[in-house]
Amino acid sequence: MAKVKKDEPMWKHTSFRIGGSAGLFMLPKNSEELSMFMDEYKESFIFGGGSNILVADKGVPEVICLKRLSGIKAKAISDGVVEITAGSGYGFTSLSKKARELSLKGLEFAFGIPGTVGGAVVMNAGAFGGEVKDLLVEVELLQEGATRKVKATELSLSYRHSSLPKQAVIVSATFRLEKGEQSVIESKMEKMQKERKERQPLDAPSAGSIYKNRQEISSGKIIEDTGLKGLSVGDAVVSEKHANFILNAGKATAAQVLELMEKVEDAVFQKSGIHLEREIKLVGIF
């Protein structure tokens, strides 16, 4: 049965640990319930793991959370090739662990990436040279009350970008992986996670990278070269370890994070003429 909560604090559902309450917080468990909610609450914000969003302090009227769409299944396609289909609410890191369990290589880069499968597809998530588009076969979309399969090639996947049809929501995604040595897969995952811990501030709540990288230089390097590491507004702080991360160092508010983002963007533009492109999505009225 569909779950609906009233006045649910959104900070509990975001990696930033920031945000006011959702007037209605809906948790569909299948595409039928999702379709029902989408039809009745057409203006609702739809999300998965809450890893790339900043929710306003005033909250948001209606939210549909896809976390319960978390089924997973594997099917052998040929000798040494397996397709894994996961619900959009299945954790992306959990998917990499499942692949490791089945001795399937290719998703090592996903280990440690927060958020869900649906969000990873929408953002064409990637790290260490690997991206969703390298492995994605197709997605199941819900659009105008009906589900249909769409090939990955139709999504125009590129750096942190996809082109989903209007008003469409990902229900599940299918990835094609090849068999590998489990010990080698595990070793790669451990190495990547070690590098993440060395380079990224994983000890405080954040939304991951705030800005998209540029081809010629990373946004973190641009912000660092502008001398903005450690800049703060209230408890919102530009990380000393990686300048493309803004941390919630205590009880940061969405307003403080946004003000800090604007300060960073203004300072970078004044010094270098570069317009930083936001990766994070603002939710609600600021």
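All of these numbers come straight from a predicted model, not from anything done at the bench.

**Q** Is there a simple way to explain the nonpolar core in this structure?
**A** Among soluble globular proteins, nonpolar side chains are generally buried collectively. The biggest cluster of nonpolar side chains holds 32 residues, and the ones touching the most others in it are Phe 92, Val 121 and Leu 136. Looking at this core, the elements that each hand over two or more residues are β7 (81-87), α2 (92-101), α3 (117-122), β11 (136-143) and β13 (169-179). Ranked by residues supplied to this core, first place goes to β13 with four residues. Ignoring any residue separated from it by four or fewer positions in sequence, one finds Phe 92 in contact with Leu 107, Phe 109, Ala 110, Ile 113, Gly 115, Thr 116, Val 117, Ala 120, Ala 125 and Val 132. Judged by nonpolar contacts, the second largest core, of 24 residues, contains Ile 223, Leu 228, Ile 246 and Ile 274.

**Q** So what exactly am I meant to see when it comes to the packing of aromatic side chains here?
**A** Both the distance between ring centres and the angle between the ring planes are used here to describe each pair of aromatic rings. Scanning the model with the defined rule gives three aromatic pairs in all. Measuring from centroid to centroid gives 5.9 Å for Phe 45 and Phe 47, while their planes differ by 10°, and the two rings are stacked. Just as Phe 45 is buried, Phe 47 falls in that class too. Geometrically, the ring pair formed by Phe 92 and Phe 109 is edge-to-face, given 6.1 Å between the ring centres and 65° between the ring planes. Of this pair, Phe 92 sits in helix α2 while Phe 109 sits in the loop between β8 (104-105) and α3, and the two are 17 residues apart along the sequence. By relative accessible area, Phe 109 is classed as buried at 3%. Three or more aromatic residues joined by ring pairs make a cluster, and in this case those are Phe 25, Phe 45 and Phe 47. Lying across the ring of Phe 111, Arg 100 places its NZ or CZ 5.8 Å from the centre.

**Q** Looking at this structure, how should I read the side chain of Glu 83?
**A** Mapping Glu 83 onto the fold places it in strand β7. In this structure Glu 83 touches Lys 73, Ala 74, Lys 75, Ile 77, Val 137, Thr 174, Phe 175 and Arg 176, once residues within four positions along its chain are discounted.

**Q** Help me understand the sheet that holds strand β14 (residues 232-233), please; the structure alone is not making it clear to me.
**A** Strand pairing within a sheet occurs via backbone hydrogen bonds; the two strands may be parallel or antiparallel. Spatially, the three strands line up as an open sheet ordered β14-β15-β16, and their pairing is antiparallel. Two strands lie at the open edges of the sheet, namely β14 and β16 (246-248), each paired on one side alone. Where helix α6 (residues 254-272) meets the sheet, it contacts β14, β15 (236-238) and β16, and its direction lies at approximately 30° from that of β15.

Rules used throughout
Residues numbered from 1 in each chain as written. Predicted model: local features only at pLDDT ≥ 70, side-chain atom pairs only at ≥ 80, totals over all residues. Heavy atoms only, no water. Core = buried A, V, L, I, M, F, W, Y, C linked by side-chain atoms within 4.5 Å. Buried < 20%, exposed > 50% of the residue type's maximum accessible area, 1.4 Å probe, protein only. Helix = DSSP H or I, 4+ residues; strand = E, 2+ residues; numbered from the N terminus. Contact = heavy atoms within 4.5 Å. Phe/Tyr/Trp six-rings, centres within 6.5 Å; stacked < 30°, edge-to-face > 60°. Lys NZ or Arg CZ within 6 Å of the ring centre and 35° of its normal. Pairing = 2+ DSSP bridges. Axes fitted to C-alpha atoms, helices over the stretch in contact; angles between N-to-C directions.

Geometry only, nothing functional implied.
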